[in-house]
Amino acid sequence: MNLHALRLFHVIASTGSVTRASEILNISQPAITAQIKKFEKELSFTLFKPQGRGIALTDAGEELTLLAKRLFAVEQQIEQFAQDYVNGTNGSIRLAATYLPAHFLIPTWIAKFKQQYEQVEMMITTTNSSDALKQLLNVDVDIAIYGGIAEAYPDTIQTEELFQDELWFVVAPDHRYANQQVSLSEMMKEPFVMREKGSSTRERLLSLCRTYNTPAPIISLQFNGLHEAIKAVIAGYGANFVSSLVVRKYVERGELCRVYVEGIHLKNTIAICTRKNELLSAAAVNLIEMIRHNPYTI
């Protein structure tokens, strides 16, 4: 079917005038009339009939008008969708995040983002550091929000640091090392409550021991979440090595206390990871831009 001719018919039917259609479409009346006659021949029925000095729709023309109206309404919807997608006001974002940003940063980021881009669908996976990068490399997600520091990022990963926070040793207030300064070797004799293998902070602790040639700690309790590990330490068991973002409020309230380990001042990086040389959707670009302007929202 000749969609151009159908559009001409639609405009004539909508305005009730070939003259008006000619003005709107900037096409001469004879050219419009010739294309309509050719279109009628293609369809094998007439669309218009004389009525006084003008024209009127035939019964078939009336029926086709309804169908054409639906078709071009859908066309407008498609055009609007395409524009919204290009502007980032529509579409979807697949996001993987490590536990630290997932629990302490992303909820606020997403709330701010959705206030402005309500139609964008968000799919968020919370996982450990190694799996977050794996999902990004496998194209399972568009963006990874990483809390920690990888020993080496693959060449195909691009990272953008948002900010850094400190890594703290913490214990319960009645622990003998609470608010004390101790050596790393003394600290490593304590039982630790940590996240599962693959956790960035756990790997940082083990790397620290290797760097200073200190025996690794005994991780006597292991949890798949930060909250559970912290609660176990608050309850009075063991020590934790954790981002200050996670425990700062507990320390301020006196539920946890820091242990100052001699010569150890480590930072934790919060970063956005994407795949190099790969264009992101406009929605994903808008999210990253919003995060850049609101990096530290705790």
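To keep things clear, this report deals only with the structure shown in the data block. All values reported here derive from a predicted model rather than from experimental measurement. (Residues numbered from 1 in each chain as written. Predicted model: local features only at pLDDT ≥ 70, side-chain atom pairs only at ≥ 80, totals over all residues. Heavy atoms only, no water.)

## Considerations on the overall build of the chain
- Within the chain one finds 12 helices and 12 strands.
- Against the 2.2 N^0.38 benchmark of 19 Å for 298 residues, the chain shows a C-alpha radius of gyration of 32 Å, more extended than a compact globule.
- Dimensions along the principal axes, computed over C-alpha positions, put the chain at roughly 105 × 40 × 30 Å.
- Going through the 298 residues of the chain one by one, you find that 45% of them count as buried.
- The long-range fraction of contacts in the chain, counting pairs at least 24 apart against all pairs at least 6 apart in sequence, stands at 74%.
- Carbon and sulfur atoms make up 50% of the accessible area of the chain, which totals about 16200 Å².
- Distance between charge centroids for the chain: 2 Å, based on 29 positive and 31 negative side chains. (Helix = DSSP H or I, 4+ residues; strand = E, 2+ residues; numbered from the N terminus. Rg over C-alpha atoms; globule rule 2.2 N^0.38 Å. Buried < 20%, exposed > 50% of the residue type's maximum accessible area, 1.4 Å probe, protein only. Contact = heavy atoms within 4.5 Å. Areas by Shrake-Rupley, 256 points an atom, 1.4 Å probe, with all protein chains shown as cover. Lys, Arg positive; Asp, Glu negative; His and termini not counted. Charge placed at Lys NZ, Arg CZ, Asp CG, Glu CD.)

## Quick notes on the environment of Q116
- Following the sequence through the fold, Q116 ends up in helix α6 (residues 106-116).
- Taking the C-alpha atoms as reference points, Q116 and T89, separated by 27 residues in sequence, lie 8.2 Å from one another.

## Observations regarding the packing of aromatic side chains
- In the structure shown here, the tally under the stated rule is 4 aromatic pairs.
- When the centroid spacing of 5.5 Å and the interplanar angle of 55 degrees are considered together, the rings of F9 and F48 count as tilted. Of this pair, F9 sits in helix α1 (residues 3-15) while F48 sits in strand β1 (residues 48-51), and the two are 39 residues apart along the sequence.
- Judged by relative accessible area, F9 falls into the buried class, the value being 0%.
- Owing to a relative accessible area of 16%, F48 belongs among the buried residues under this scheme.
- Ring geometry for F113 and Y117: centres 4.9 Å apart, planes at 35 degrees, overall tilted. (Phe/Tyr/Trp six-rings, centres within 6.5 Å; stacked < 30°, edge-to-face > 60°.)

## Overview of the nonpolar core
- Among the nonpolar cores identified, the biggest contains 40 residues, and I93, I143, I145, V247 and L287 are the most heavily contacted of them.
- The leading source of residues in this core is helix α12 (residues 282-293), at 6 residues.
- If we skip the residues at most four places from it in the chain, I93 touches F113, V120, E121, M122, M123, D142, I143, A283, A284 and L287.
- Membership of the second largest hydrophobic core comes to 20 residues, among which are A178, F192, V261 and I264. (Core = buried A, V, L, I, M, F, W, Y, C linked by side-chain atoms within 4.5 Å.)

## Concerning the side chain of S183
- Residue position: S183 is located in the loop between β7 (181-182) and α8 (184-187).
- Side-chain polar atoms of S183 contact the side chain of S185, separated by 3.1 Å.
- With residues near it in sequence (within four places) discarded, S183 still touches V261 and E262. (Polar contact = N/O pair within 3.5 Å; in protein donor to acceptor, adjacent residues only side chain to side chain.)

## A closer look at empty space enclosed by the protein
- Evaluated as defined, the whole model comprises 2 cavities of 30 Å³ or more.
- The calculated volume of the largest cavity comes to roughly 110 Å³.
- Together, 16 residues line the largest cavity, and L100, G147, R195, S199 and T201 are the ones closest to its centre.
- Sorting the residues of the lining of the largest cavity by element identifies α5 (99-104), α9 (200-211) and β10 (240-243) as the ones contributing at least two each.
- Class assignment for the residues of the lining of the largest cavity results in 5 nonpolar, 10 polar and 1 charged. (1 Å grid on protein atoms, 1.4 Å probe; cavity = no way out; pocket = protein on both sides within 12 Å on 5 of 7 lines; lining within 4 Å. Points joined across faces, edges and corners; volume = space filled by probe spheres on them. Nonpolar A, V, L, I, M, F, W, Y, C, P; charged D, E, K, R; others polar.)

## Describing the environment of D131
- Position of D131 relative to the elements: it lies in helix α7 (residues 129-137).
- Sequence separation between D131 and I36 is 95 residues; the distance between their C-alpha atoms is 61 Å.

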